[in-house]
Amino acid sequence: MGQKKDLTGSEKSKIVRYLAEGCSSLKIAKLLKRDHRTIKRFVQNSQQGRKKRVEKPRRKITAHELRKVKRAAAKMPLATSLAIFQSCNITGVPKSTRCAILRDMAKVRKAERRPPLNKTHKLKRQDWAKKYLKTGFSKVLWTDEMRVSLDGPDGWARGWIGKGQRAPVRLRRQQGGGGVLVWAGIIKNELVGPFRVEDGVKLNSQSYCQFLEDTFFKQWSRKKSASFKKNMIFMQDNAPSHVSKYSTAWLARKGIKEEKLMTWPPCSPDLNPIENLWSIIKCEIYKEGKQYTSLNSVWEAVVAAARNVDGEQIKTLTESMDGRLLSVLAKKGGYIGR
């Protein structure tokens, strides 16, 4: 907390005048709109001013120690300032000094949420891009699952609060209150779903195939023409329930096999345009820090948000694939962002 201003000469003169008129120190404090303790201290000793804060000398860091800190910061990503300095056997440095030193050579960041790419991953991403470079992506069905919780991702409950207003109270629940698993797909300018996975069901190979049968095949695919289904390419990521022998054989019996089942490179959420759809939906359902009190209510919010996504938005996502493939090749298999 910052220091408050000392009494001005004018305020001191008024205090003396009010005291002569018989006013109490409490009344004077109210008249001058100053802290009562400040007025009482002045009355007790009119010559006593506020004691100035004495700055303690900071621990000096030598050039050699500075180089050690820089090397330690590079070797210990996401470590605290205390851990970095302790690894260098530098003691007696207050936190404010440690942070001031580190700010000149580093900055505070969160860990990357995307999986790391090794050399093999990058080569497979490049091979995938070359294989599908001439593909007509309007016939590819991009699919994925998303889990939504009652409270939303961490850090989404921030926003501007007007002066004089109090921040709304957020509910606090153990284990986050649970969530809903949602599956959906996009193709050309059309949204498939979203469909809700039954609560408590873990998607293994058998339950995943049964889920696709009850939702995707019975509620969407059977309404399409034979020519549409003949040309459609089905995309799914490399989740164990998706690529198991059981699931692969089951999809083959449904006619989704060989060139109709897209091979997918490892660690590549940035290449799937439906990930951008999930971002659009989450921004909508958790806007202004919104929370939900039941799984049904958050599911209803997902359905409403998905309904508001128009065909042009979906078309923009699916038509972005040519650019994504070129970016992968230009970055030699590296991440392209989304």
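Being a predicted model, the structure only gives us computed values, none of them experimental. The residue count restarts for each chain, going from 1 along the sequence in the order it is written. Per-residue local features of the predicted model are confined to residues with pLDDT of at least 70, and side-chain atom pairs are confined, for both listing and counting, to 80 or more; whole-chain, interface and lining totals are unaffected and use all residues. Side-chain measures were taken over the full set of non-hydrogen atoms in the model, leaving aside hydrogen atoms and water.

Draft legend 1. Representation of the overall build of the chain. Strands here mean DSSP runs of E at least two residues long; helices mean DSSP runs of H or I at least four residues long; both are numbered from the N terminus. Helix and strand content of the chain: 15 helices and 4 strands. In this scheme, a residue with accessible area under 20% of its type's maximum is buried, one over 50% is exposed, and one in between is partly exposed, where area comes from a 1.4 Å probe on protein chains only. When each of the 338 residues of the chain is scored for burial, the buried share is 36%. Contacts: residue pairs with any heavy atoms within 4.5 Å of one another. Sequence-distant contacts in the chain: of pairs separated by 6 or more residues, those separated by 24 or more amount to 76%.

Draft legend 2. Geometry of the environment of Val309. You can see Val309 is positioned in the loop between α13 (295-307) and α14 (311-318). As for Val309 and Leu277, which are separated by 32 residues in sequence, their C-alpha atoms are 8.5 Å apart. Residues in contact with Val309, not counting those within four places in the same chain, are Leu277, Ile280 and Ile314.

Draft legend 3. Summary view of the environment of Asn238. In this fold, Asn238 is placed in the loop between β4 (233-235) and α10 (240-243). Sequence separation of Asn238 and Thr263 is 25 residues, and the distance between their C-alpha atoms is 8.8 Å. In contact with Asn238, not counting residues within four places along its chain, are Val243, Trp264, Pro265 and Pro266. As used in this structure description, the phrase polar contact means that two N or O atoms lie within 3.5 Å; if the pair is within protein, one of them must be able to donate a hydrogen and the other to accept it, and residues adjacent in sequence are counted only when both atoms belong to side chains. One polar contact links the side chain of Asn238 to the main-chain carbonyl oxygen of Trp264, over a distance of 2.9 Å.

Draft legend 4. Geometry of the sheet that holds strand β1 (residues 140-149). For two strands to count as paired, DSSP must find a minimum of two bridges between them. Within the open sheet, the 4 strands sit side by side as β3-β2-β1-β4. Their pairing is mixed. For this open sheet the edge positions go to β3 (190-196) and β4, each flanked by a neighbour on one side alone. Each adjacent strand pair in this sheet contributes to an overall mean axis angle of 20°, direction not counted. Pairing of strand β2 (residues 179-187) with β3, which is carried by 5 bridges, proceeds in the antiparallel orientation. Looking at β3, one finds that Trp183 is bridged to Phe195. Inter-axis angles, ranging from 0 to 180 degrees, are taken between N-to-C directions of lines fitted to C-alpha atoms, where helices are fitted over the stretch in contact. The strands touched by helix α12 (residues 274-285) within the sheet are β1, β2 and β3, with β1 carrying the most contacts at an inclination of about 35°.

Draft legend 5. Main features of α14. Turning to α14, its buried residues number three or more, namely Ile314, Leu317 and Thr318. All buried residues of α14 project into a common sector of 95° when viewed along the axis, lining one side. Summarising the geometry of α14, the exposed residues directed more than 90 degrees from the buried face are Glu312 and Thr316. In this structure, the buried side of α14 is in contact with β1, β2, β3, α12 and α15 (321-330). Its side-chain oxygen 3.2 Å from the backbone nitrogen of Glu312, Asp310 forms the N-cap of α14. Arc definition: directions from the helix axis to the C-beta atoms.

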